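Single-letter residue listing:
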Amino acid sequence: MSIEHFDVLIVGAGLSGIGAAYHLQTHCPRKSYAILEGRDCIGGTWDLFRYPGVRSDSDMYTLGYSFKPWTQRQAIADGASILDYIRETAHEHGIDPKIRFSHRATAATWSTADAHWTVEAQRGPARETVRFTCNFLFLCSGYFNYEGGYAPRFPGTERFRGRTVHPQHWPGDIDYAGKRVVVIGSGATAVTLVPELAKTAAHVTMLQRSPTYIVTRPAEDALAIWLRRHLSAKTAYGLVRWKNVLLGMLFYKLSRRAPDAMKKLILKGVEKELGPGYDVATHFNPRYNPWDQRLCLTPDGDLFETLRKGSASVVTDHIDTFTETGVRLQSGQELDADIIVTATGLNLAAVGGLRLSVDGQRVDLSKTIGYKGMMYSDIPNLASALGYTNASWTLKADLTCEYVCRLLNYMDRHGFRRCSPRRPDPAIAELPWMSFSSGYVQRVIDRMPRQVAKAPWRVHQNYVLDLFSLRTGAVNDGVMEFSNPRVALTVPGTTLDASADTES
């Protein structure tokens, strides 16, 4: 079987992958590329997640692409609208034909002698192994495990006579109308599910071990709507994008510098929504500070409205066991249920679970240091599009795509075929890749890359700093090492491997 070769191979045809393809076509028009997509359609997360009410957890003026204005009225958009937006982008820019659907990338091996990656993928239902080679590998599949979400084993689950579902694999045949539903969890998925299920369910109970910070935000951005009536869509989009970026950064900075004051402000907002007499201290007062974990949004306060109406309720307690008819809590309270939804979170998978090897040596990502939040020490010609934890994903993904194009063009101008961030001094203290205390992060933090406090090895989580660093900062910064390995020449009894023109 012949092996196809591309200048750049993109893994993932979701929000990041389609954005990467656009940037490559625009800024590196001579580069050949293909996208490997494990599923049979475009959209990634926004096609996979189909639970009721699925929506963005940040505004679309920052979650949208920098190059394609979001023009709908919704600022907090439903999943179907986001999926249409991604597919429309791919169609408008002729990206669709570049996608190899049902190609799940499983392994990638770098050869310095050849200065390229060999990528293995499982194709189709039969999972036939196929191979591609590329000069540069761009991973755009995020860090969530698409195979399955986090599902802790609760005692007595086999006793429950109703139906148990996980939101990551929401069944199309489930009917919750008129049913009693218990949603286990208090994160973004639970906060989204509860008001939507409560529209037709007999009653919905959000069962949480501990509270999460929940903030009301308008479903529509009044300024954006006004600006679009007076300015071009592109200009209006740019202005609202910067307004939301700066407000988000301000809120985050204040949360880190004055956590007690921000906590009081958030809880005051909850009290205003739920009215006097509601036990906010028990159900909406987290043990951690704002932005130690990601905040949850409720557009137009839909969760709070549902609680006020009585069609949903919140219970804060620990599960003792599932029973035949629901859940018994450690307090002794029993919650009757026809359906239990385990909105217990997601699993992370570094580099999308791809097995990486460099010159025959298996890569242990936990031994690498992240470079500019997108590349990894001593791993050549590879980048990951990863978003912010304290802001919209696409803000960082867009900047990463721009930087990768700058990097590729720099290598072309100087005749380099290999680039690799050189690992920093081992004496420098290492830090976790993420500082979040969320369970989905802490469960895998020891298997993730590391960072150090000094640039360019620091993950800033700051759009303005990254904007200057990635868009205008030097590509050849003294840390990135460039070289031009020549193809190995094999003669009887020996191998001559000339590596020339090294620059760092």
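What you are looking at is a predicted structure, and each value in this text was computed from that prediction instead of being measured. (Residues numbered from 1 in each chain as written. Predicted model: local features only at pLDDT ≥ 70, side-chain atom pairs only at ≥ 80, totals over all residues. Heavy atoms only, no water.)

Participant: What exactly am I supposed to notice about helix α13 (residues 463-471) here?
Facilitator: Note that an α-helix has 3.6 residues per turn; residues three or four places apart therefore point the same way. By the burial criterion, the buried members of α13 are Y463, D466, L467 and L470. Each buried residue of α13 lies within a common arc of 110° when the element is viewed along its axis, so the set occupies one face. (Buried < 20%, exposed > 50% of the residue type's maximum accessible area, 1.4 Å probe, protein only. Helix = DSSP H or I, 4+ residues; strand = E, 2+ residues; numbered from the N terminus. Arc of directions from axis to C-beta.)

Participant: Any chance you could explain the sheet that holds strand β13 (residues 319-323) here in plain terms?
Facilitator: Pairing between the strands of a sheet comes from backbone hydrogen bonds, and it takes one of two forms, parallel or antiparallel. In spatial order, the strands read β13-β14-β15; together these three strands make up an open sheet with antiparallel pairing. If you trace the sheet from one side to the other, it starts and ends with β13 and β15 (334-336), each paired once. Between one strand axis and the next, the sheet turns through 20° on average, direction left out of account. Examined bridge by bridge, strand β14 (residues 326-329) and β15 share three bridges and lie antiparallel to one another. By the bridge assignment, R328 is partnered in β15 with E334. (Pairing = 2+ DSSP bridges. Axes fitted to C-alpha atoms, helices over the stretch in contact; angles between N-to-C directions.)

Participant: I would appreciate a short explanation of the nonpolar core in the present structure.
Facilitator: Soluble, globular proteins show a tendency: their nonpolar side chains are buried together. Grouped together as the largest cluster of nonpolar side chains are 100 residues, with contacts concentrated most on I10, I18, F138 and L407. The biggest single contributor to this core is helix α11 (residues 393-414), with eleven residues. For F138, the contacting residues outside a window of four places in its chain are V8, L9, I10, V11, A20, A383, S384, A385, T400, C401 and V404. Among the nonpolar cores identified, the runner-up in size contains 34 residues, and L36, V130, C134 and L139 belong to it. (Core = buried A, V, L, I, M, F, W, Y, C linked by side-chain atoms within 4.5 Å. Contact = heavy atoms within 4.5 Å.)

Participant: So what exactly am I meant to see when it comes to a nonpolar patch on the surface here?
Facilitator: On the surface, L247, L250 and L254 cluster together to form a nonpolar patch covering roughly 270 Å² of accessible area. Position of L247 relative to the elements: it lies in helix α7 (residues 233-257). (Patch = residues over 30% accessible without salt bridge, like charges linked within 9 Å, V, L, I, M, F, W, Y side chains within 5 Å. Areas by Shrake-Rupley, 256 points an atom, 1.4 Å probe, with all protein chains shown as cover. Salt bridge = Lys/Arg side-chain N within 4 Å of Asp/Glu carboxyl O.)

Participant: I would appreciate a short explanation of the pairing of β14 in the present structure.
Facilitator: Within a regular strand, the side chains alternate between the two sheet faces. Bridge count between β13 and β14: four bridges; the pairing is antiparallel. Considered in β14, the bridge of T323 is made with G326. Counted between consecutive antiparallel strands, the loop separating β13 from β14 contains two residues. Counted between consecutive antiparallel strands, the loop separating β14 from β15 contains four residues, among which G332 sits at a positive phi close to 100°.

Participant: Help me understand the sheet that holds strand β16 (residues 339-342) in this model?
Facilitator: Read across the open sheet, the five strands follow the order β7-β16-β8-β9-β12; overall the sheet is parallel. If you trace the sheet from one side to the other, it starts and ends with β7 (163-165) and β12 (312-316), each paired once. In this sheet, adjacent strand axes meet at a mean angle of 20° when their direction is disregarded. Bridge analysis of strand β8 (residues 180-184) against strand β9 (residues 203-208) gives five bridges, and the strand direction is parallel.

Participant: What is the right way to look at the pattern of salt bridges in this model?
Facilitator: Side-chain pairs of opposite charge can arise where the charged atoms are in close proximity. Across all of its chains, the model carries 31 salt bridges by this definition. Note that R328 and D320 form a salt bridge whose closest N and O atoms lie 3.2 Å from each other. Classification of D320 by relative accessible area gives partly exposed; the value is 33%. Each of the salt bridges in this network shares a partner with another, and the network as a whole consists of R39, D47, R50 and R87.

Participant: It is not clear to me how the packing of α7 against α13 should be interpreted in this structure. Could you clarify?
Facilitator: Helix-helix packing: each pair is described by the crossing angle between the helix axes and the interaxial distance. Interaxial distance between α7 and α13 falls to 10 Å at its minimum, and their mutual angle equals 120°. Taken together, the axis directions place α7 and α13 in an arrangement best described as oblique. Along the contact surface, α7 presents W242, V245 and M249, while α13 presents Y463, V464 and L467. The class makeup of the residues in the contact of α7 with α13 is six nonpolar, no polar and no charged. (Parallel < 35°, antiparallel > 145°, perpendicular 65-115°, else oblique. Nonpolar A, V, L, I, M, F, W, Y, C, P; charged D, E, K, R; others polar.)

Participant: Help me out: how do you make sense of the packing of aromatic side chains in this one?
Facilitator: We describe a pair of aromatic rings using the distance from one ring centre to the other and the angle between the two ring planes. Considering all chains together, one arrives at 18 aromatic pairs under this definition. Aromatic pair Y410 and F482: ring centres 5.0 Å apart, planes at 45°, arrangement tilted. Here Y410, found in helix α11, pairs with F482, found in strand β25 (residues 480-485); they are 72 residues apart in sequence, far enough to count as distant. The exposure class of F482 is buried, given its relative accessible area of 0%. (Phe/Tyr/Trp six-rings, centres within 6.5 Å; stacked < 30°, edge-to-face > 60°.)

Participant: What is the right way to read the environment of I76 from this model?
Facilitator: Checked against the element boundaries, I76 lands in the loop between α3 (60-63) and α4 (79-92). Look at I76 and you get buried, because its relative accessible area is 6%. What I76 contacts, discounting residues up to four positions off in sequence, is R55, S56, S58, D59, R217, P218, A219, L297 and P299.

Participant: Would you mind going over the environment of F154 with me for this structure?
Facilitator: Here F154 is to be found in the loop between β6 (128-139) and β7. When the C-alpha positions of F154 and T298 are compared, they lie 28 Å apart, and in sequence the two are 144 residues distant. Once you skip the residues sitting within four places of it in the chain, F154 turns out to touch I184, I319, F322, T342 and T344.

Participant: Where do I start with unusual backbone geometry in this structure?
Facilitator: Here the amide bond leading from A455 into P456 is cis, since omega sits at 5°, within 30 degrees of zero. With respect to the secondary-structure elements, P456 resides in the loop between β24 (450-452) and α13. Positive phi values are uncommon outside glycine, yet R127 reaches one of about 55°. Among the structural elements, R127 can be located in the loop between β5 (116-123) and β6. On the basis of relative accessibility, which here comes to 54%, the residue R127 falls in the exposed class. Located in the positive-phi region is Q461, a residue other than glycine, with phi close to 55°. Take Q461: it is sitting in the loop between β24 and α13. With relative accessibility at 17%, the residue Q461 sits in the buried group.

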